[in-house]
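# Architecture and fold: a report
Given next are the chains, with one letter for each unit.
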Amino acid sequence: MQINNSKIKQALLSGNEAVVRGALEAGVNFATTYPGTPASEIGDIFAKISKESNFYFEYSTNEKIALEAASGAAFSGLKSIVSMKHYGLNVALDSLLPLIYLECPLVVVISDDPGSWSSIQSEQDSRWFSRLGHLPTLEPADSQEALDMTKFAFEFTQKYKIPILIRLTTRVCHSRSLVKCNSISIENKIGKYIKKEFSVGTAVTLERHKNLFLKTRKLQDDFNKNNQFNFIKNGHDRKLGIVTSGVSYCYVREILENLNLDLPILKIGFSYPIFKNKYKEFFGQVNEILIVEELNPVLEREARRLLQEFGLTKKVYGKDLLPGVGELKPEYVLQAISNILKLPLPQDLLNQQKEFAELSIAPRPPILCAGCPHRSTFWMIKKAVGDQAVFGGDIGCYLIGALPPFKLADYIVSMGAGMGISHGVAKATGQKPVIFIGDSTFFHAGIPSLINMVYNQSDVLVVILDNRITAMTGHQPNPGVGLTGQGESTKALKIEEIVKACEVDNLEIINTFNIKESLEKIKKAYAAKGVSVVIAKGECRLLTVRRLTQKNINVPKFDITGDSDFSEFNNFKCPAIRRNEGGKYYIDQNTCWGCAVCGQIYPGKIHPTTKSKNLKIYF
């Protein structure tokens, strides 16, 4: 199935794919993103089809810039969309809130990650930003709604001249369901920025704020009675009514069907502004109310307030029966409804819970790939500076360095924060922190922090892990790669030139697969006073192997040929190096990706296999 095929009538789409399809059917002209899971696929699909579908796409250097670029296009008359994960909205918020005042007709797609499946910093609920910024917000429950709401969002934002937020969650992003499709009609359009009188100042800002309140009120008037995304699904049993939004709606319907219950449901898809009429109509029909939503009690708080406003007294259940942490599950909804209605839990659920409680599931911590350049960098840093230094981590697949055996992170906060926090530690204590930051993160948020450390005379070692790609989110290009999001050749910015331009005190560039030379340079950089930077160059091994395979070049393999205790491998932890039942080390030939670092740790003990002897070792 081609997602940009105009002739298809229905397709099995994930929520992310449905957002793209909805944008295509709406006639999108301009799309931007900074990759972030669970929303990464939206940008990746735009990247693949943008040229043939006649619209512009870019991976921007961070979410704020992605938002601003899409806003510029929107101000120039193009139908524009920007997508990002929830943390990205935090980065972009500085510009998003003023853009609401400035009536920018922009579609903003974000995805929260209940359960933190791909997010380690916090488990935030972005619906609060809707209330903070008076930002109209849609919450699709499944792929069909993701498509329909995206199309609606483009029409809405063009009509009302205000950004609109589409808030996805992980399960909506990645679940697939059958979706009805319509035709695609994208105009190959060149925008034009039409100049208008622009002013700034306190009085102007207050006037814009006042206008936003008036616009919010108009939206409430326009959608109070006629709102396709907020509806009541009638049920005959009125002793309990359920208010729900997002994917929770699917869970509620599944459980009611399983329990053969006919309870009324108020489905909230257009969750901000608050459209009171449906709440009032629904609350008047039911005796008690259960609010089913993931993460924070946003709807619950609003429901309680509205009940008071309507002068109604109803028992409200919500986070007293359902968790506010982690991803919601259908069985949680089942237990809450059973609790309220005093129904026995199904025997199969009880059996399943008992069986699960008795299971002993082995933990499966994340691990760097075989041949990963970050592994050798971490191993060398530990050899060079020991493990008592303060280590600042950052966001990327290298955050796995925080875990055993390396344990090289004392804090990981947000993109670029490792440098800022470490500067504060250095200034406050006189200790010399070691900071890890990836190439994409360096472009995203590292450069201002590096300038700040130079400007304020810090004493730190910054290790920039340059694996030539944005690896963790799916191998998207970044400004150091030399390719745009549309696959066009462009200037590849050299990190070392940027670092030099920031006038750091010491700079070393290492090939992270060359142990002896790299160790000497790391020790030298750490010993030097001031802001020292080590750029650890080593291509993501997955890219190397993929490239060799495409060229029909065999990946070299290594094998242990000598005797030793090999205990240092416990500190290296390559998944290709294993121990048999007798405790003897061996290299798994199916997993080895030929980085050759193990052979440098134990020279003369490890050699290329017979088949690999004449193969070139690729770094």
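Shown above is the structure to which this text applies.
Residues numbered from 1 in each chain as written. Predicted model: local features only at pLDDT ≥ 70, side-chain atom pairs only at ≥ 80, totals over all residues. Heavy atoms only, no water.

This paragraph deals with a nonpolar patch on the surface. On the surface, a nonpolar cluster with roughly 520 Å² of combined accessible area is contributed by Phe75, Leu102, Tyr193, Phe198 and Val200. By the secondary structure assignment, Leu102 is in the loop between helix 4 (86-101) and strand 5 (106-112). (Patch = residues over 30% accessible without salt bridge, like charges linked within 9 Å, V, L, I, M, F, W, Y side chains within 5 Å. Areas by Shrake-Rupley, 256 points an atom, 1.4 Å probe, with all protein chains shown as cover. Salt bridge = Lys/Arg side-chain N within 4 Å of Asp/Glu carboxyl O. Helix = DSSP H or I, 4+ residues; strand = E, 2+ residues; numbered from the N terminus.)

Our next topic: the pairing of strand 11 (residues 265-268). Two faces belong to every sheet, and in a regular strand the side chains alternate between them. Side chains of strand 11 alternate between two faces, with Ile265 and Lys267 and Leu266 and Ile268 buried alike. As defined by bridge partners, strand 9 (residues 230-233) adjoins strand 11 across four bridges and the pair is classed as antiparallel. Within the sheet, the bridge partner assigned to Ile232 lies in strand 11 and is Leu266. In terms of strand pairing, strand 10 (residues 240-245) meets strand 11 through four bridges, oriented parallel. Residue pairing across strands places Ile242 opposite Ile265, the latter belonging to strand 11. (Buried < 20%, exposed > 50% of the residue type's maximum accessible area, 1.4 Å probe, protein only. Pairing = 2+ DSSP bridges.)

Attention now moves to the nonpolar core. Among the nonpolar cores identified, the biggest contains 91 residues, and Phe46, Phe55, Ile81, Leu138, Phe156, Leu290 and Ile337 are the most heavily contacted of them. The greatest single-element share of this core, amounting to eight residues, is contributed by helix 6 (residues 143-160). Grouped together as the second largest cluster of nonpolar side chains are 66 residues, Cys372, Ile400, Val460 and Val462 included. (Core = buried A, V, L, I, M, F, W, Y, C linked by side-chain atoms within 4.5 Å.)

With that out of the way, let us pick up helix 6. Think of an α-helix as 3.6 residues a turn; residues three or four steps apart then line up on the same face. Given a rise of 1.5 Å per residue, 18 residues ought to cover 26 Å, and the 25 Å separating the end C-alpha atoms of helix 6 matches this to within 8%. You can read the cap of helix 6 off the contacts: a side-chain oxygen lies 3.3 Å from the backbone nitrogen of Gln144, and it is on Asp142. Just past helix 6, the residue Lys161 takes up positive phi, approximately 50°. (Expected span 1.5 Å × (residues − 1). Polar contact = N/O pair within 3.5 Å; in protein donor to acceptor, adjacent residues only side chain to side chain.)

Attention now goes to the packing of aromatic side chains. Summed over the entire model, instances satisfying the criterion amount to 29 aromatic pairs. Consider the rings of Phe152 and Phe270, whose centres lie 5.9 Å apart with planes at 75°: the pair is edge-to-face. Here Phe270 lies in strand 12 (residues 270-272) and Phe152 lies in helix 6, a separation of 118 residues in the sequence. Take Phe270: its relative accessible area is 1%, and that puts it in the buried class. Consider the rings of Phe566 and Tyr585, whose centres lie 6.2 Å apart with planes at 65°: the pair is edge-to-face. Within this pair, whereas Phe566 is found in the loop between strand 20 (558-560) and helix 20 (569-572), its partner Tyr585 is found in strand 22 (residues 585-587), the two being separated by 19 residues in sequence. We note that Phe566, like Tyr585, is buried. Grouping aromatic residues by their ring pairs yields a cluster made of Phe152, Phe156, Tyr160, Phe223, Phe229, Phe270 and Phe275. The ring of Tyr526 carries the charged tip of Lys432 above its face, separated from the ring centre by 5.9 Å. A cation over an aromatic ring shows up here: Arg541 above the ring of Phe513, its NZ or CZ 5.5 Å from the ring centre. (Phe/Tyr/Trp six-rings, centres within 6.5 Å; stacked < 30°, edge-to-face > 60°. Lys NZ or Arg CZ within 6 Å of the ring centre and 35° of its normal.)

In this section: unusual backbone geometry. Look at the link from Thr37 to Pro38: it is a cis peptide, with omega at 25°. Examined against the element boundaries, Pro38 turns out to sit in the loop between strand 2 (30-33) and helix 2 (40-49). Across the junction of Pro404 and Pro405, the peptide omega takes the value 10°, indicating a cis bond. With a phi angle near 60°, Asn552 is a residue other than glycine that sits in the positive phi range. With respect to the element layout, Asn552 can be found in the loop between helix 19 (541-550) and strand 20. The exposure class of Asn552 is exposed, given its relative accessible area of 72%. With a phi angle near 75°, Ala596 is a residue other than glycine that sits in the positive phi range. Here Ala596 shows up in the loop between strand 22 and helix 21 (597-601). For Ala596, a relative accessible area of 12% puts it in the buried group.

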